[in-house]
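Chain by chain, the residues:
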Amino acid sequence: MITPLQGKGAMVDPLRLAAVASWLMAGAQPPKPIEAVVQECAARLRAAGLPLDAMIISGLFIHPDIRGIQIRWTGRNGVRRVTFRHAYFETSDFAATPISRTIATGRSMRIQLAPQDPETDTAYATAFRASGYTDILVLPLINFDGTVSGCIEFATQSAEGFGEEDITALRRVQAPLARMKEFFTERFDKQITLATYVGEATSRKVLSGQIVRGDGETISAAILFADIKGFTSLSNRIDSTDVLQVLNRFFDVIDAAVTRNNGEILKFLGDGVLVIFPTPDDLTAQEAAAQSAMTAITEARQALADQADKPPIAFRAALHMGDVFFGNVGSRNRLDFTAIGPAVNLCARMLHEASSRDARTLCSSRFKDIAIGLAGVPFTCEINGFEMPVEFFILD
């Protein structure tokens, strides 16, 4: 049952409890991942005399795919991170949880797990009871601006449940935990949201301070341009909603294949994509990057072929190896973290050449020389902006 916050007495060490609050307010030093902070916080609370067997911190985000995250600690299984997509927060299961109500109302709740009552039990209470818990305290974690975007659940397996002194002690760490949660979730929110729009490696560079126009570095990379074959004709024949579905299917497949093979999508360009596979200026590493790029193309095409229940999607690809400037380019008020340089320009023009020759995959002679065991049909042509004719290879 849900009751006001009250309970029996307990033996809580006030000095250790104060030390926990001070440690949290000081930033839980030394720096460590949020999972390690939660695990250490739980250990400190137990050492202060609290009958704590589970501690779960929940936070909400503005990420387009991930809506919420939980850091779950239990005395039996340790700590782990769980993420939730937007759809879960629209379900009746979530609406029935104390988490939903605590975040919505900003009010604390206590759930005492008396003997099972099939008529009033929720899935939430049933799950906790099945794991041996007897009492749950849910506290809102209030942000600096007064909003609530998370909560913390404390649970015990003690037969007596939480005592009055236990509840008071746990509420004394509520505000310090809110500051900790706000810091970590805000940083995590920035990281995952920024990574969604600019890529994982680029987001790390931006968050590390590489935000001034011209900031960047020259790196060696395998470069991949790809686009959907016949997209212009397709987009003129079908509804815009169906066009978006085609694009999203293509981009999902490319992103998964590229990420698995240590590449990074830098840009979506209409129906096309610019990808780099960064590599040190080392022949063995460059050979590995070239192989990764080829593997990503193969995996993406296989993944599309496996979608037999959906309209087929074919794409072209162009591959090159060279030096690129990877950094901030743009105006004073609108910057773009991207890759530029002659190598990128050549690869982009190769994709156009692949279209004109109806080739699925094209690579430069430089890429072919680096890639191990690669065979193709050579041809030479003039490329706008390049003084000398350039040799390419059709890999179909």
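Structural notes, computed from the coordinates. Because the structure is a prediction, the values reported are computed rather than measured. (Residues numbered from 1 in each chain as written. Predicted model: local features only at pLDDT ≥ 70, side-chain atom pairs only at ≥ 80, totals over all residues. Heavy atoms only, no water.)

1. Observations regarding helix H11 (residues 283-305)
The end-to-end C-alpha distance of H11 is 33 Å, a good match for the 33 Å that 23 residues give at a rise of 1.5 Å each. Among the residues making up H11, those that are buried are Gln286, Ala289, Ala290, Ser292, Ala293, Met294, Ala296, Ile297, Ala300, Arg301 and Leu304. If you follow the buried residues of H11, they end up packed against strand E8 (216-228), helix H10 (240-260), strand E10 (272-279), strand E11 (315-330), strand E13 (361-364) and helix H13 (365-370). Measuring from the backbone nitrogen of threonine 284 back to the side-chain oxygen at the start of H11 gives 3.1 Å, which picks out aspartate 282 as the cap. (Helix = DSSP H or I, 4+ residues; strand = E, 2+ residues; numbered from the N terminus. Expected span 1.5 Å × (residues − 1). Buried < 20%, exposed > 50% of the residue type's maximum accessible area, 1.4 Å probe, protein only. Contact = heavy atoms within 4.5 Å. Polar contact = N/O pair within 3.5 Å; in protein donor to acceptor, adjacent residues only side chain to side chain.)

2. Points about the nonpolar core
Leu224, Phe250, Ile254, Phe277, Phe315, Leu319 and Phe367 are the most contacted members of the largest nonpolar core, which has 39 residues in total. Secondary-structure elements contributing two or more residues to this core are E8, helix H9 (231-237), H10, E10, H11, E11 and H13. Sort the elements by how many residues they give to this core and H10 lands first, with nine residues. Residues contacting leucine 319, with those up to four places away along its chain left out, are Ile223, Leu224, Ala293, Met294, Ile297, Cys347, Met350, Thr361, Leu362, Cys363, Ser364 and Phe367. The next biggest cluster of nonpolar side chains, apart from the first, holds 35 residues, and it includes Leu52, Leu137, Ala169 and Ile192. (Core = buried A, V, L, I, M, F, W, Y, C linked by side-chain atoms within 4.5 Å.)

3. Considering the side chain of threonine 279
Tracing the backbone through its elements, the reader meets threonine 279 in strand E10. Since its relative accessible area comes to 8%, threonine 279 is described here as buried. Polar side-chain contacts of threonine 279 include one of 3.3 Å to the backbone oxygen of alanine 285. Contact partners of threonine 279, with chain neighbours within four places excluded, come to Ser220, Ala221, Ala222, Ala285, Gln286, Ala289 and Met321.

4. Some details on the packing of aromatic side chains
A complete count under the given rule lists 11 aromatic pairs for this structure. Ring centres of phenylalanine 251 and phenylalanine 268 lie 4.3 Å apart, and the angle between their planes is 50 degrees; on these two criteria the pair is classed as tilted. Of this pair, phenylalanine 251 sits in helix H10 while phenylalanine 268 sits in strand E9 (residues 264-269), placing them 17 residues apart in sequence. Put simply, the rings of Phe84, Tyr88, Phe89 and Phe94 pair up and form one aromatic cluster. Across the ring face of phenylalanine 393, the terminal group of lysine 368 is positioned such that the distance to the ring centre comes to 5.0 Å. (Phe/Tyr/Trp six-rings, centres within 6.5 Å; stacked < 30°, edge-to-face > 60°. Lys NZ or Arg CZ within 6 Å of the ring centre and 35° of its normal.)

5. Brief notes about the state of the cysteines
If you walk through the whole model with that rule in mind, you get zero disulfides. The cysteine cysteine 381 is free of any disulfide, with cysteine 363 supplying the nearest cysteine sulfur at 13 Å. (Disulfide = S-S within 2.5 Å.)

6. A closer look at unusual backbone geometry
With an omega of 0 degrees, the peptide bond running from glutamine 29 to proline 30 counts as cis. Topologically, proline 30 is positioned in the loop between helix H1 (14-25) and helix H2 (34-47). If you check the backbone angles, alanine 28 has positive phi at about 50 degrees while not being a glycine. Turning to its location among the elements, alanine 28 is positioned in the loop between H1 and H2. Judged by its relative accessible area of 1%, alanine 28 falls in the buried class. Although it is not a glycine, aspartate 358 adopts a positive phi angle of roughly 55 degrees. Among the structural elements, aspartate 358 can be located in the loop between helix H12 (342-356) and E13. Using a relative accessible area of 53% as the deciding quantity, one classes aspartate 358 as exposed.

7. Some points on the environment of glycine 150
Along the chain, glycine 150 falls in strand E7 (residues 148-156). Counting along the chain gives 31 residues from glycine 150 to lysine 181, while the straight-line C-alpha distance between them is 8.0 Å.

8. Regarding the packing of H10 against H11
A pair of packed helices is characterised by two quantities: the angle between their axes and the separation of those axes. As a packed pair, H10 and H11 sit with axes 8 Å apart at the nearest point and diverge in direction by 140 degrees. Taken as axis vectors, H10 and H11 run oblique relative to one another. For the pair H10 and H11, the sense of crossing is right-handed. Where H10 approaches H11, its residues Arg249, Phe250, Val253, Ile254, Ala257, Val258 and Arg260 are matched on the opposing element by Ala296, Glu299, Ala300, Ala303 and Leu304. Taken together, the residues that form the contact of H10 with H11 break down as nine nonpolar, no polar and three charged. (Axes fitted to C-alpha atoms, helices over the stretch in contact; angles between N-to-C directions. Parallel < 35°, antiparallel > 145°, perpendicular 65-115°, else oblique. Left-handed = near helix turned anticlockwise from the far one by under 90°. Nonpolar A, V, L, I, M, F, W, Y, C, P; charged D, E, K, R; others polar.)

9. Brief notes about the pairing of strand E15 (residues 390-394)
Pairing analysis gives three bridges linking E13 to E15, with the strands arranged antiparallel. Looking at the pairing, leucine 362 lines up with isoleucine 394 of E15. Pairing geometry for strand E14 (residues 377-381) and E15, over five bridges, is antiparallel. Residue threonine 380 lies in a different strand from E15, and its bridge partner there is glutamate 391. (Pairing = 2+ DSSP bridges.)

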